[in-house]
Amino acid sequence: MTLTILRSVRPWGHDLVDLHIDGGTFSALLPPGAEAPAGAEVIDGHGMLALPGLINAHAHVDKSWWGRPWVPYGGEPTTQGRIAHERAQRGALGIPGPDVTERVLREFLRHGTTAARSHVDVDLGVGLDGIAAVQEAVARLEGALEVEVVAFPQDGVVRREGVLDLLDRAARAGADSIGGLDPCLIDRDPVAQLDGLFDIAARHGCGLDIHLHAGGDLGAFEYELIIDRTRRAGLEGRVNIAHGFALGQLPAGRQRSLLADFAQLGITWSTVAPIGSAPLPWEAMREAGVGLGLGTDGVRDLWSPYGDGDLLRVALDFARLHGARRDEDLVRVARLASSDAAGFVHREVHDLVPGARADLVLVEAENVPDAIVRASRRELVLAGGRVVARSGEVLL
């Protein structure tokens, strides 16, 4: 494979370097201006700020109607109402399907996301068809964007007979993780739901990624059940809690106790930084060693007309929600959206360092805080060493 040299870029806003890329990985960071070896491809970075490719730790790429005529928001404004509305309308929009999924994946790439963890609906209506659609859409992009699949029971787990069997089939077929949803609020049987999910994960060695929306003490109760089962099933390092709104609502002492258990068991957290939610104790999470990732959630789908696939805008929302104003805090937020999220897509390292996959975003920005607060246009996106987007346009 041809050596590629990305000249004159500023990794994380530091001094100018030339980035060498060989075999799809970063091979060296060298002082700028050295003569390129014969046959090397040279790309001028024009002194721009370089960040690792962004990692979307919580997406729903099977649900979007992006690229279609506008679809009015409808249905009852509750979780159950949204579930029912989606199931009634999705087929008419080609959901799930590889075409709709490919369109939203291209938006991810355009905005610099080069890896994602996506929840994909598994239910009695579509079976495992959504997973097949996502896999086909990813294959069409020829490795530009890597997607980990979470088989997600959006319509509930034990309240629908046969869903646990579908999740078991998905795990046997190679899904990276299986999901869960509101054991108390949706299934109203937390013991049965969690016992079923943890049994599948333990037997197949896959991960667990559980959506929790309950607040206050009810949410804390669900955390305690998950902690207990993670410990008993030996699933350390394989469980993630998504949303988990209750954590930001609990007293500081109870937060610290839970964070100690999460850290000990390697239970991670993903958030989409929704407006109006209680801020997470993200500094305490970092100090305790609890992994935290950012995600877009749904993008223009039957749940909400919002979202454009830009994870840098989510990082901005997270920064504003959590009152991040100091430069060092804004840099930490940028790392949540990139290098610190490596574990969400099973990467040992994801950064602008030798040995890492050559995923990179160039932006016109003075520094990292400037890039966050302006959500600057992505001028160049590399994925596995390939140029996949330039000047905000996908090239594939």
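Owing to the predicted nature of the structure, the values given are computational and were not obtained by experimental measurement.

Each value, and the rule that gives it
- Residues numbered from 1 in each chain as written.
- Predicted model: local features only at pLDDT ≥ 70, side-chain atom pairs only at ≥ 80, totals over all residues.
- Heavy atoms only, no water.
- Helix = DSSP H or I, 4+ residues; strand = E, 2+ residues; numbered from the N terminus.
- Rg over C-alpha atoms; globule rule 2.2 N^0.38 Å.
- Buried < 20%, exposed > 50% of the residue type's maximum accessible area, 1.4 Å probe, protein only.
- Contact = heavy atoms within 4.5 Å.
- Areas by Shrake-Rupley, 256 points an atom, 1.4 Å probe, with all protein chains shown as cover.
- Lys, Arg positive; Asp, Glu negative; His and termini not counted.
- Charge placed at Lys NZ, Arg CZ, Asp CG, Glu CD.
- Pairing = 2+ DSSP bridges.
- Axes fitted to C-alpha atoms, helices over the stretch in contact; angles between N-to-C directions.
- Polar contact = N/O pair within 3.5 Å; in protein donor to acceptor, adjacent residues only side chain to side chain.
- Expected span 1.5 Å × (residues − 1).
- Phe/Tyr/Trp six-rings, centres within 6.5 Å; stacked < 30°, edge-to-face > 60°.
- 1 Å grid on protein atoms, 1.4 Å probe; cavity = no way out; pocket = protein on both sides within 12 Å on 5 of 7 lines; lining within 4 Å.
- Points joined across faces, edges and corners; volume = space filled by probe spheres on them.
- Nonpolar A, V, L, I, M, F, W, Y, C, P; charged D, E, K, R; others polar.
- Salt bridge = Lys/Arg side-chain N within 4 Å of Asp/Glu carboxyl O.
- Core = buried A, V, L, I, M, F, W, Y, C linked by side-chain atoms within 4.5 Å.

1. Here's the deal with the overall build of the protein chain
- Of the regular secondary structure elements, the protein chain holds 11 helices and 17 strands.
- Compactness check: the protein chain gives a C-alpha radius of gyration of 21 Å against a globular reference of 21 Å for 396 residues, within 12% of the reference.
- Its C-alpha atoms give the protein chain principal-axis dimensions of about 65 × 50 × 40 Å.
- Within the protein chain, buried positions represent 57% of all 396 residues.
- When contacts within the protein chain are restricted to residue pairs at least 6 apart in sequence, long-range pairs at least 24 apart make up 74% of them.
- Total accessible area computed for the protein chain in this model is approximately 15,600 Å², and 49% of it derives from carbon and sulfur atoms.
- Measuring between centres, the 39 positive side-chain charges of the protein chain sit 2 Å from its 55 negative side-chain charges.

2. Describing the sheet that holds strand E9 (residues 177-181)
- Pairing is parallel across the open sheet formed by eight strands, whose spatial order is E6-E7-E8-E9-E10-E11-E12-E13. With one partner strand each, in any of the chains shown, strand E6 (54-59) and strand E13 (292-294) form the two edges of the open sheet. Taking the axes of each pair of neighbouring strands and ignoring which way they run, one obtains an average angle of 25° across the sheet.
- By the bridge criterion, three bridges tie strand E12 (residues 268-271) to E13 in an arrangement that is parallel. When the bridges of E13 are listed, threonine 271 appears paired with leucine 294.
- Where helix H5 (residues 190-204) meets the sheet, its contacts fall on E9, strand E10 (207-212) and strand E11 (239-243), and the angle it forms with E9 comes to roughly 175°.

3. Details of helix H9 (residues 311-321)
- Three or more residues of H9 are buried, namely Leu311, Leu312, Val314, Ala315, Leu316, Phe318 and Ala319.
- Measuring from the side-chain oxygen of the N-cap residue of H9 to the backbone nitrogen of leucine 312 gives 3.0 Å; that N-cap residue is aspartate 310.
- In the segment just after H9, glycine 323 is the residue with positive phi, at about 65°.

4. Looking at H5
- With 15 residues, H5 should cover 21 Å at 1.5 Å per step; its first-to-last C-alpha distance of 21 Å lies within 8% of that length.
- Those residues of H5 that are buried are in contact with helix H4 (163-172), E9, E10, helix H6 (216-233) and E11.
- Looking one or two residues beyond H5, the residue adopting positive phi is glycine 205, at roughly 70°.

5. Focus on the packing of aromatic side chains
- Applying the stated rule across the entire model yields five aromatic pairs.
- Here the aromatic rings of tyrosine 223 and phenylalanine 262 are separated by 6.0 Å at their centres, their planes lie at 75°, and the arrangement is edge-to-face. Taken together, the residues tyrosine 223 in helix H6 and phenylalanine 262 in helix H7 (residues 252-265) connect sequence positions 39 residues apart. Accessibility classification places tyrosine 223 together with phenylalanine 262 in one group, the buried group.
- When the centroid spacing of 5.2 Å and the interplanar angle of 55° are considered together, the rings of phenylalanine 262 and tryptophan 269 count as tilted. Tryptophan 269 matches phenylalanine 262 in its accessibility class, with the two residues each being buried.

6. Quick notes on the layout of surface pockets
- Empty space within the largest pocket amounts to approximately 890 Å³.
- Around the largest pocket sit 31 residues that line it, and Val272, Pro274, Thr296, Asp297 and Ser304 are the ones nearest its centre.
- The biggest single contributor to the lining of the largest pocket is H9, with three residues.
- For the lining of the largest pocket, the residue count by class is 13 nonpolar, 11 polar and seven charged.
- Space inside the second largest pocket adds up to approximately 210 Å³.
- As for the second largest pocket, its lining consists of 16 residues, and the residues nearest its centre are Arg117, Gly237, Thr268, Gly343 and Phe344.
- Considering only residue class, the lining of the second largest pocket consists of four nonpolar, nine polar and three charged.

7. Examining the pattern of salt bridges
- With the rule as written, the count across this model stands at 38 salt bridges.
- Between arginine 106 and glutamate 102 there is a salt bridge; the shortest N-O distance is 3.1 Å. Of this pair, arginine 106 and glutamate 102 both sit in helix H2 (residues 98-110), four residues apart, which is roughly one turn of the helix.
- The exposure class of arginine 106 is partly exposed, given its relative accessible area of 23%.
- In this structure, arginine 357 engages glutamate 146 in a salt bridge whose closest nitrogen and oxygen atoms are separated by 3.2 Å. In this pair, arginine 357 sits in the loop between helix H10 (327-336) and strand E14 (360-363) while glutamate 146 sits in strand E8 (residues 146-152), placing the two residues 211 residues apart along the sequence.

8. Quick notes on the nonpolar core
- Ranked by internal contacts, the top residues of the largest apolar core, which has 104 residues, are Tyr223 and Phe262.
- Ranked by residues supplied to this core, first place goes to H9 with six residues.
- Not counting chain neighbours up to four residues away, the residues in contact with phenylalanine 262 comprise Tyr223, Ile227, Ile241, Leu247, Ile267, Trp269 and Val290.

9. A word on the pairing of strand E1 (residues 4-11)
- Of all eight residues making up E1, seven are buried, and the element is well covered by its neighbours.
- Note that E1 and strand E2 (residues 17-22) share four bridges and pair antiparallel. Among the inter-strand pairings, valine 9 is bridged to a residue of E2, identified as valine 17.
- Where E1 lies against strand E5 (residues 49-52), two bridges are found, and the strand directions are parallel. The residue bridging proline 11 from the neighbouring strand is alanine 50, located in E5.

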